[in-house]
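Coordinate analysis (summary)
Listed below are the residues making up each chain.
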There are 2 protein chains.
Amino acid sequence: MIPVDVTSVISILSRTPATVRELVSGLEDNWLHAREAPDTWSPHEIVAHLIYGEQTDWIPRMRIILDEKSDKKFTTFDRTGHFPIAAGRSIDSLLHQFEQLRLENILILVAADLTEDDLLKEGIHPAFGPVTLGQLLASWVVHDMTHIYQISRIIAKQYETEVGPWKEYLGILNR
Amino acid sequence: MIPVDVTSVISILSRTPATVRELVSGLEDNWLHAREAPDTWSPHEIVAHLIYGEQTDWIPRMRIILDEKSDKKFTTFDRTGHFPIAAGRSIDSLLHQFEQLRLENILILVAADLTEDDLLKEGIHPAFGPVTLGQLLASWVVHDMTHIYQISRIIAKQYETEVGPWKEYLGILNR
């Protein structure tokens, strides 16, 4: 376990766009649009979802926690909000937008100059109720990792049959 | 499902060193040496394991399958073989070695100029018995994805408590 501090959070958040770029940029369409199952997301859609999170989730919620208004309730995150972002876009265009938005959001995070007390301030999550800014920042990091994991799993699963008996040793195929 | 062909295999294998580099290069020691549990590997050790696979697993096994000798039995892979490689090394030194070895191995794969018939040729796995070269190449790709997944999961788990109630939404923490 590592305690949440803003420097650590930024050291992880700032590397995600390049990690995702290395994983998917230049991949052929059959990989970019591959799915694990119907109604699950493709790598292309996941990048759009990361964009949508930058636009509507993490920093907007940080602002609700830190600003002077008394209504601390977060807007519900729309899990389909990325579909219009993904439509008709090249993967490189999506990757570029994610990179730009993440960089802007990290600059906002740096400029906020958060104290330990700030990390304990609360907002109201539509499902969980009170959550702290520290929990929000930790979740932003873990959310990045969730989607790096998801992309690697989607790629792996395209070879689920092709690995033959090795499947037993390759735990990612059994998730 | 995507059929195994050498071009696709190379398009994935060739991006792994850079993906892993973006995930871990420059991370602070508490992340590089973090573990999910005792007796599990750290990101630092995983990079050493990837090196050891390049040295002793994938291409050596391809050679056993393709060469003229009648003994097609693979050497058993040593799951502790990477510990001496990891000992005392900086992450950047490990990443650099992985990058070099992977590049050399891809050049060997390209030079082998494999046909569809070659992909059906067999070696003898110490646990599974007969496996094809196609299955070996597919497993090499999936093995890369397994370890990208594992690194992202190790990073995520350091914040398992810090995310608070979000844990329920973040599936990677429940693996």
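What you see as residue numbers is a count from 1 along each chain, following the sequence as written. Chain labels run from A onward and ligand labels from 1 onward, assigned in the order the entries are written. Selection of residues for local features in this predicted model requires a pLDDT of at least 70, selection of side-chain atom pairs for listing and counting requires 80 or more, and totals for whole chains, interfaces and linings are taken over all residues. Values shown for side chains rest on all heavy atoms present in the structure; no hydrogens or waters enter the calculation.

So, the overall build of chain A
- A tally of helices and strands in chain A yields nine helices and two strands.
- Numbering goes from the N terminus for both helices and strands, where a helix is a DSSP run of H or I of at least four residues and a strand is a run of E of at least two. Helices and strands appear in chain A in the N-to-C order α-α-α-α-α-α-α-α-β-β-α.
- With the principal axes as the frame, chain A shows a C-alpha extent of 55 × 35 × 30 Å.
- Exposed residues in this analysis have more than 50% of their type's maximum accessible area, buried residues have under 20%, and partly exposed residues fall in between, with area computed by a 1.4 Å probe over protein chains only. The burial tally for chain A puts 55% of its 175 residues in the buried class.
- Throughout, a contact is declared for two residues whenever any of their heavy atoms are within 4.5 Å. Counting only contacts in chain A whose residues sit at least 6 apart along the sequence, the fraction spanning at least 24 positions is 70%.
- For chain A, the accessible area works out to roughly 7,500 Å², and carbon and sulfur atoms hold 52% of it.
- Working convention for charge: Lys and Arg count positive, Asp and Glu count negative, and His plus the chain ends are omitted. Here the site of a charge means atom NZ of a Lys, CZ of an Arg, CG of an Asp or CD of a Glu. Here chain A contributes 16 positively and 25 negatively charged side chains, and the mean placements of these two sets differ by 3 Å. The accessible surface values rely on the Shrake-Rupley method and a 1.4 Å probe; as for residues, cover is taken only from the protein chains in view.

Examining the interface of chain A and chain B
- Taken together, the contact pairs 60 residues of chain A with 60 residues of chain B.
- Three residues stand out in chain A for area buried against chain B, namely A:I2, A:Y159 and A:W166, and they jointly supply 16% of the buried area on that side.
- Here a salt bridge means any side-chain nitrogen of Lys or Arg lying within 4 Å of a carboxyl oxygen belonging to Asp or Glu. Where chain A meets chain B, there are zero salt bridges.
- Pairs of N or O atoms are called polar contacts if they sit within 3.5 Å, as long as, within protein, a hydrogen donor faces a hydrogen acceptor (for residues adjacent in sequence, only side-chain-to-side-chain pairs). Summed over the shared surface of chain A and chain B, the result is ten residue pairs in polar contact (both at pLDDT 80 or more).
- Among the elements that take part in the side of chain A that touches chain B, helix α9 (residues 133–157) of chain A stands out by supplying 17 residues, more than any other.
- Under the scheme applied here, ten amino acids are nonpolar (Ala, Val, Leu, Ile, Met, Phe, Trp, Tyr, Cys and Pro), four are charged (Asp, Glu, Lys and Arg), and all others, including Gly, are polar. Within the side of chain A that touches chain B, the residues separate by chemical class into 32 nonpolar, 17 polar and eleven charged. Accessible area that two parts lose when put together, evaluated with a 1.4 Å probe and summed over both, is termed the buried area.

Some words on the relation of the copies chain A and chain B
- A least-squares superposition brings the copies together, and it is based on the C-alpha atoms of residues with pLDDT no lower than 70 in both. With an RMSD of 0.0 Å, chain A superimposes on chain B once it is rotated by 180 degrees and translated 0.0 Å along the axis. Such values leave the two copies arranged in the relation of a two-fold axis.
- Both copies present the same face, since 100% of the interface residues in chain A are matched by interface residues at the equivalent positions in chain B.

Concerning the environment of A:T132
- Along the chain, A:T132 falls in strand β2 (residues 129–132).
- Residues A:T132 and A:V20, spaced 112 residues apart in sequence, show a C-alpha to C-alpha distance of 28 Å.

Describing the pairing of strand β2 (residues 129–132) of chain B
All names here are of chain B.
- Pairing of strand β1 (residues 122–125) with β2, which is carried by four bridges, proceeds in the antiparallel orientation. Along β2, the bridge assignment pairs E122 with T132.
- What sits between β1 and β2 in their antiparallel hairpin is a turn of three residues. Only strands joined by at least two bridges in the DSSP assignment are considered to pair.

Examining the side chain of A:H82
Residues and elements named next belong to chain A.
- When you line up the elements, H82 lands in the loop between α5 (58–66) and α6 (83–86).
- On the basis of relative accessible area, H82 is assigned to the buried category, the value being 0%.
- Discounting chain neighbours no more than four positions away, the residues touching H82 are W41, E45, A48, H49 and Y52.

Points about the nonpolar core
- Within the largest apolar cluster, 122 residues are counted, with the highest numbers of intra-cluster contacts made by A:V24, A:L109, A:Y159, B:V24, B:L109 and B:Y159.
- Contact partners of B:Y159, with chain neighbours within four places excluded, come to A:I2, A:P3, A:V4, A:D5, A:S8, A:V9, A:A138, A:V141, A:V142 and B:W31. In these notes, a set of buried Ala, Val, Leu, Ile, Met, Phe, Trp, Tyr and Cys residues joined through side-chain atoms within 4.5 Å is what counts as a nonpolar core.

Observations concerning the pattern of salt bridges
Residues and elements named next belong to chain B.
- All told, the structure shown has 22 salt bridges over all chains when counted by the stated rule.
- Notably, a salt bridge pairs R35 with E45, separated by 2.7 Å at the nearest N-O pair. With R35 in the loop between α3 (29–32) and α4 (43–56) and E45 in helix α4, the pair connects residues that are ten residues apart, well separated along the chain.
- On the basis of relative accessible area, R35 is assigned to the partly exposed category, the value being 36%.

Structural notes on the side chain of A:H143
- Along the chain, A:H143 turns up in helix α9.
- Assessed through its relative accessible area of 11%, A:H143 is described here as buried.
- A:H143 has contacts with A:H49, A:L50, A:W58 and B:L170, leaving out every residue within four places of it along the chain.

Some remarks on the packing of aromatic side chains
- Within 6.5 Å between ring centres, the rings of Phe, Tyr and Trp (the latter by its six-membered ring) count as paired, and their orientation is classed by plane angle as stacked under 30 degrees, edge-to-face over 60, tilted in between. Under the defined criterion, the tally for this structure stands at eleven aromatic pairs over all chains.
- When the ring of A:W166 is compared with that of B:F128, the centres are 6.0 Å apart and the planes differ by 80 degrees; the resulting orientation is edge-to-face. Placement of the pair is A:W166 in the segment after α9 and B:F128 in the loop between β1 and β2, with the two residues belonging to separate chains. By the burial criterion, A:W166 is buried, and B:F128 matches it.
- Linked through ring pairs, A:F128, B:W166 and B:Y169 together constitute an aromatic cluster.

Re helix α5 (residues 58–66) of chain B
- Those residues of α5(B) that fall on the buried side of the exposure criterion are B:W58, B:I59, B:R61, B:M62, B:I64 and B:I65.
- On its buried face, α5(B) sits against α4, α7 (91–112), β1, β2 and α9 (133–157) of chain B.

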